Amino acid sequence: MDREARQYWKVQRRQMLRRDRQRRGGFGTGDMLLTKVLIGLMVLSFLLERFVPGLLAPLTSGLAGLALSFLLSALSPGSFLGLLFAGVFLWIVGSQLEVLTTWWQYLVIFFASGIVGSWASNTLGAGLVGGTYASFGLAGAYVMAMANRRLEGMAQWAIVLLAIDVVLSGFQPALLAGMLAAFFTGLIVARLSRI
């Protein structure tokens, strides 16, 4: 490259780095801050669910309680194994997606996917457990983001992880419905918010 071309690309790189710093400003600034907070909330939800289950019962009664139940279900992994898989999956996929989104997009994808996945599995009788489903929603958003960037190879490993989770679920219809609903919710939200 000649000197002018090197100078041009140096300026382009500086502008790109400045845009990235501005875009990630605000609450989500930091190394995977939202992903770490969400994993911490999932652990807290699991501990409350196991050791003090009566604590949340008064809050989740009535019509407003139903809405709160669905919101809390996005954080509830259901079991220790669910917490382990959801946490690892959230760490792997969520950390990658957090870099590509703003903090509010990330949270909308997470909670919308968890709520829709929980609703779908609850409709088929599995109960309100959405923490694992929220991770599938993040995977759907990640696949959409990689498809928009024409990086199909990067999206394929997320699909392989999803396939492993599907096999580990034992092909239970209620769980599969929640996983699919959450995945496509994340895909659609990512598409609408143009990630």
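The following paragraphs examine the structure supplied in this document. (Residues numbered from 1 in each chain as written. Predicted model: local features only at pLDDT ≥ 70, side-chain atom pairs only at ≥ 80, totals over all residues. Heavy atoms only, no water.)

### Examining helix α8 (residues 173–192)
Piece 1. Along its 20 residues, α8 runs 28 Å from first to last C-alpha, staying within 8% of the 28 Å computed at 1.5 Å per residue.
Piece 2. Trailing α8 by a residue or two, R194 shows a phi angle of about 55 degrees, which is positive. (Helix = DSSP H or I, 4+ residues; strand = E, 2+ residues; numbered from the N terminus. Expected span 1.5 Å × (residues − 1).)

### Notes on the nonpolar core
Piece 1. Core analysis: the largest hydrophobic core is formed by 36 residues, its most contacted members being L90, L97, F110 and L138.
Piece 2. Those elements that provide at least two residues to this core are α2 (33–51), α4 (80–100), α5 (103–123), α6 (131–148), α7 (152–168) and α8.
Piece 3. In terms of residue count, α6 provides more of this core than any other element does, eleven residues in total. (Core = buried A, V, L, I, M, F, W, Y, C linked by side-chain atoms within 4.5 Å. Buried < 20%, exposed > 50% of the residue type's maximum accessible area, 1.4 Å probe, protein only.)

### Points about the packing of aromatic side chains
Piece 1. Counted under the stated rule, the structure contains four aromatic pairs.
Piece 2. Look at F46 and F80: their rings are 6.2 Å apart centre to centre, the planes differ by 55 degrees, and that puts the pair in the tilted class. Separated by 34 residues along the polypeptide, F46 in helix α2 and F80 in helix α4 bring together distant segments of the chain.
Piece 3. Judged by relative accessible area, which is 56%, F80 ranks as exposed.
Piece 4. Pairing F89 with F136 gives two aromatic rings, centres 5.8 Å apart and planes at 25 degrees, and the pair type is stacked. Placement of F89 in helix α4 and of F136 in helix α6 is noted, with a sequence separation of 47 residues between them.
Piece 5. Among the residues examined, F89 registers a relative accessible area of 5% and is labelled buried.
Piece 6. The exposure class of F136 is buried, given its relative accessible area of 5%. (Phe/Tyr/Trp six-rings, centres within 6.5 Å; stacked < 30°, edge-to-face > 60°.)

### Topic: the packing of α2 against α5
If you want to describe how two helices pack, look at the angle between their axes and the distance between the axes.
Piece 1. Running from N to C, α2 and α5 cross one another at 30 degrees; their axes reach a closest spacing of 11 Å. Read as a crossing pair, α2 and α5 show a hand that is right-handed. Seen from α2, the contacting residues are L34, T35, L38 and M42; seen from α5, they are W103, Y106, L107, F110 and F111.
Piece 2. In terms of residue class, the contact of α2 with α5 is built from eight nonpolar, one polar and no charged. (Axes fitted to C-alpha atoms, helices over the stretch in contact; angles between N-to-C directions. Left-handed = near helix turned anticlockwise from the far one by under 90°. Contact = heavy atoms within 4.5 Å. Nonpolar A, V, L, I, M, F, W, Y, C, P; charged D, E, K, R; others polar.)

### Regarding the environment of S73
Piece 1. With respect to the helices, strands and loops of the structure, S73 is situated in helix α3 (residues 62–73).
Piece 2. Residue class for S73 comes out buried when judged on its relative accessible area of 2%.
Piece 3. The spacing of S73 and Y133 is 60 residues in sequence and 9.5 Å in space, taken between C-alpha atoms.

### Regarding a positive patch on the surface
Piece 1. A cluster of like positive charges, contributed by R3, R6, K10, R14 and R18, occupies part of the molecular surface.
Piece 2. Note that K10 resides in helix α1 (residues 3–23). (Patch = residues over 30% accessible without salt bridge, like charges linked within 9 Å, V, L, I, M, F, W, Y side chains within 5 Å. Areas by Shrake-Rupley, 256 points an atom, 1.4 Å probe, with all protein chains shown as cover. Salt bridge = Lys/Arg side-chain N within 4 Å of Asp/Glu carboxyl O. Lys, Arg positive; Asp, Glu negative; His and termini not counted. Charge placed at Lys NZ, Arg CZ, Asp CG, Glu CD.)

### With respect to the packing of α5 against α8
Piece 1. Two numbers describe how α5 lies on α8: the axes approach to 7 Å, and their chain directions differ by 150 degrees. By the angle class used here, α5 and α8 are roughly antiparallel. For the element pair α5 and α8, the recorded crossing hand is right-handed. Touching V108, I109, A112, S113, V116, G117, A120 and S121 of α5 are A174, A177, G178, A181, A182, T185, G186 and V189, all from α8.
Piece 2. Class assignment of the residues belonging to the contact of α5 with α8 gives a composition of ten nonpolar, six polar and no charged. (Parallel < 35°, antiparallel > 145°, perpendicular 65-115°, else oblique.)

### Here we look at the side chain of S113
Piece 1. One can find S113 in helix α5.
Piece 2. Its relative accessible area of 1% is what places S113 among the buried residues.

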